[in-house]
Amino acid sequence: MPEPTTLPAEKPADGLRNRHIAMIALGGTIGAGLFVGSGAAIAATGPAVLLAFLLVGFLVILVMRMLGEMVVADPGRGSFVEYIRAAHGDKVGFTAGWLYWFFWVVVLGSEAIAGAILLQDWVHLPVWLLSVVLILVLKLINFAAPRVFGECEFWLSAIKVFSIIAFIAISLLYAAHVFGPGVSVKENLLGHGGLFPHGVVALLSIIPTILFTMMGSEIATVAAAESPEPGKNVARVTRSLGRRITLFYVAAVGMILIVVPWTNIVAGKSPFVAAMDVMGVPGAGLLMRIVVLSAILSCLNSAMYITSRILTELAAQGDAPGFLARSSAAVVPRKAIIVSSLAGTLVAFSSILAPGTIFAFLLSCSGGVILLIYSLIVTSYIVTRRAARKAGTEAENYTLPLFPLCNYVTLAGVVLVFVAMLLNPSERMTALATMGSSVVCYLMAVYFATNNKKAG
């Protein structure tokens, strides 16, 4: 492996702007998991799902707050992976970077297939061909200046955000009997088994699924690195992002539960369509297909972006082949984009050729990676803040209250999610496979570190 190199601090002229970063962070979190996947959570939990979304939202708020404070205290270092590296060393940085890249490559391939299946109703071509076309289109967008990526992501995310706001507004009017026959809010929320129809265990078991639908906010730290003022932009986004995400999710799901009895929600089908059908919104199915497609394209766009930037960062640190590194922040990492798109294409083909073996294995190995990443962000914050305390700079850079108790509670929350996965038969294999892939990745870091030391 090559020696670590340092990326110049130069910022690209066509870099991302404040509105791009804010919408990238928001759009990266609000995806098809909300518009379709939330149906499974509602069906499994009932009205108590709102409490699950609040708990997970609070967890995301705390993690993003910690990440934001670390970036403000030491701006310009790079993505969150570099803050993990600074706190825990090169081996853990290697592990976190490659696992995160692997996670988003699997997302890239699986979302390409999901988009292709959705497009097949309009474009009668094979799924494999449509998935390749989608990846190629997104690769070309990412080949352009960062601002082009930012502009595309801004409008794709805007569609999702506007759709949620419009849905909430229409639902409120319907619940207030402004139009339509109206609805009995109390009956829909409490008249079908109460708030906890399946008990507290069901609530805990659904939390991992909800966490995976709300992840992605950490992309902001990567995007901000290509903006004129990375420290200020990350600080601005991380302070408000968690609250906005929680508000969007809780408000949208809450209105679904008010309009439609939770017993009428079917897993695998969009609960938004069910609610709009009840309210008599014309073309509900078509509208939601367009929104879901925009969510998939947004996720693909973000996945292509994040995988290429993480890969170049790993190369700059000597953890990936040197040819993938960028000479400056103004250079679009086209080689890394090509490598990531090829890897995503292989994942997409595995879902077609071997959905029950290779693809299922890849999904399992990557499924719990975000839990490890969040844990490392929390522990990195503890290490970094303690170092700042010794240096006498804690007061000016860190404001999170109840330190370190708040951090340990957050870490316990992440561990609780992982334990819930181990206890849930349908999630157990994902938890075990993620543990295995993490161990393998760390052993690779030890191996490369040992070889580099011998070579030196």
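Up top is the structure these notes are about.
A few points on the structure. Everything quoted here is computed from the prediction, not taken from an experiment.

**Here's the deal with the overall build of the protein chain**
Check the secondary structure of the protein chain and you find 19 helices and zero strands. Its C-alpha radius of gyration of 22 Å places the protein chain within 12% of the 23 Å reference for a compact globule of 456 residues. Seen through its C-alpha atoms, the protein chain measures out along the principal axes to roughly 75 × 55 × 45 Å. Counting over 456 residues, the protein chain shows a buried share of 55%.

**Some thoughts on the nonpolar core**
A general feature of soluble globular proteins is that nonpolar side chains tend to end up buried together. Phe35, Tyr100, Trp104, Ile210, Tyr374 and Ile377 are the most contacted members of the largest nonpolar core, which has 145 residues in total. Beyond its immediate sequence surroundings of up to four residues, phenylalanine 35 is in contact with Ile30, Lys160, Ile164, Ser270, Pro271, Phe272, Met288, Val291, Val292 and Ala295.

**Describing a nonpolar patch on the surface**
On the surface, Leu51, Leu54, Leu55, Leu190, Leu195, Phe196, Val200, Leu204 and Leu416 cluster together into a nonpolar patch covering about 770 Å² of accessible area. Those elements that provide at least two residues to the nonpolar patch are α3 (49-73) and α9 (199-213). The element that contributes the greatest number of residues to the nonpolar patch is α3, accounting for three residues. Of note, leucine 54 is situated in helix α3. A relative accessible area of 43% means that leucine 54 is categorised as partly exposed.

**Things to note about the packing of aromatic side chains**
This model, assessed by the stated rule, comprises 16 aromatic pairs. Measuring from centroid to centroid gives 6.0 Å for tyrosine 381 and phenylalanine 403, while their planes differ by 70°, and the two rings are edge-to-face. Here the residue tyrosine 381 occupies a position in helix α16 (residues 369-391), and phenylalanine 403 occupies one in the loop between α17 (394-397) and α18 (405-423), the gap between them amounting to 22 residues. Across this residue pair, the class does not change: tyrosine 381 and phenylalanine 403 are buried. Members of the aromatic cluster, joined through ring pairs, are Phe94, Trp98, Trp101, Tyr447 and Phe448. In this structure, arginine 77 is placed above the aromatic ring of tyrosine 83, and the distance from its NZ or CZ to the ring centre is 6.0 Å.

**Regarding α9**
Given 3.6 residues per turn, any residue in an α-helix points the same way as the ones three and four places further on. With 15 residues, α9 should reach 21 Å at 1.5 Å per residue; the first-to-last C-alpha distance of 22 Å fits that figure. Roughly 35° is the biggest bend found in α9, and it falls at isoleucine 207, with proline proline 208 one to four residues downstream.

**Considering the side chain of arginine 85**
For arginine 85, the location among the structural elements is in helix α4 (residues 80-88). A distance of 3.2 Å separates a polar atom in the side chain of arginine 85 from a polar atom in the side chain of glutamate 82. Within polar-contact distance, the side chain of arginine 85 engages the side chain of aspartate 90 at 3.4 Å. If sequence neighbours within four positions are ignored, arginine 85 has contacts with Asp90, Gly93, Phe94, Leu314, Gln317 and Asp319.

**Comments concerning the pattern of salt bridges**
Evaluated as defined, the whole model comprises eight salt bridges. The salt bridge partner of arginine 85 is glutamate 82, with a shortest N-O separation of 3.2 Å. On the criterion of helical spacing, the pair formed by arginine 85 and glutamate 82 is a turn pair, its members being three residues apart in helix α4. Each member of the pair, arginine 85 as well as glutamate 82, is classed as buried. Across the pair aspartate 121 and arginine 289 runs a salt bridge, and its minimum N-O distance is 2.2 Å. With aspartate 121 in the loop between α5 (90-119) and α6 (127-143) and arginine 289 in helix α13 (residues 284-316), this pair connects stretches of sequence that are 168 residues apart. Among the residues examined, aspartate 121 registers a relative accessible area of 48% and is labelled partly exposed. Here the salt bridges do not stand alone but share partners, grouping Glu82, Arg85, Asp90 and Asp319 into one network.

**Let's talk about the packing of α5 against helix α15 (residues 358-367)**
Packing of α5 against α15 leaves a shortest axis separation of 9 Å and a crossing angle of 140°. Taken together, the axes of α5 and α15 lie oblique to each other. Regarding α5 and α15, the two cross each other, and that crossing is left-handed. Across the interface between the two elements, Phe102, Phe103, Val106 and Ser110 of α5 pack against Phe359, Leu362, Leu363, Cys365 and Ser366 of α15. A class-by-class count of the residues in the contact of α5 with α15 yields seven nonpolar, two polar and no charged.

**Overview of the environment of methionine 435**
Position of methionine 435 among the secondary structure elements: in helix α19 (residues 425-455). The partly exposed category is assigned to methionine 435, whose relative accessible area is 41%. Each C-alpha atom of the pair methionine 435 and tyrosine 408 lies 21 Å from the other, and the pair is 27 residues apart in sequence.

**Considering α16**
An ideal rise of 1.5 Å per residue puts 33 Å on 23 residues; α16 measures up with 33 Å between its terminal C-alpha atoms. At the exit of α16 stands glycine 392, carrying a positive phi of roughly 80°.

**Details of unusual backbone geometry**
Across the junction of phenylalanine 403 and proline 404, the peptide omega takes the value 0°, indicating a cis bond. The residue proline 404 is located in the loop between α17 and α18 in this model. With phi around 65°, histidine 177 is a residue other than glycine that occupies positive phi space. Look at histidine 177 and you get partly exposed, because its relative accessible area is 49%. For leucine 402, which is not glycine, the phi dihedral falls at a positive 60°. Considering the arrangement of structural elements, one finds leucine 402 in the loop between α17 and α18.

What counts, and at which threshold
- Residues numbered from 1 in each chain as written.
- Predicted model: local features only at pLDDT ≥ 70, side-chain atom pairs only at ≥ 80, totals over all residues.
- Heavy atoms only, no water.
- Helix = DSSP H or I, 4+ residues; strand = E, 2+ residues; numbered from the N terminus.
- Rg over C-alpha atoms; globule rule 2.2 N^0.38 Å.
- Buried < 20%, exposed > 50% of the residue type's maximum accessible area, 1.4 Å probe, protein only.
- Core = buried A, V, L, I, M, F, W, Y, C linked by side-chain atoms within 4.5 Å.
- Contact = heavy atoms within 4.5 Å.
- Patch = residues over 30% accessible without salt bridge, like charges linked within 9 Å, V, L, I, M, F, W, Y side chains within 5 Å.
- Areas by Shrake-Rupley, 256 points an atom, 1.4 Å probe, with all protein chains shown as cover.
- Salt bridge = Lys/Arg side-chain N within 4 Å of Asp/Glu carboxyl O.
- Phe/Tyr/Trp six-rings, centres within 6.5 Å; stacked < 30°, edge-to-face > 60°.
- Lys NZ or Arg CZ within 6 Å of the ring centre and 35° of its normal.
- Expected span 1.5 Å × (residues − 1).
- Bend = angle between axes of the 7 residues up to and from the residue.
- Polar contact = N/O pair within 3.5 Å; in protein donor to acceptor, adjacent residues only side chain to side chain.
- Axes fitted to C-alpha atoms, helices over the stretch in contact; angles between N-to-C directions.
- Parallel < 35°, antiparallel > 145°, perpendicular 65-115°, else oblique.
- Left-handed = near helix turned anticlockwise from the far one by under 90°.
- Nonpolar A, V, L, I, M, F, W, Y, C, P; charged D, E, K, R; others polar.

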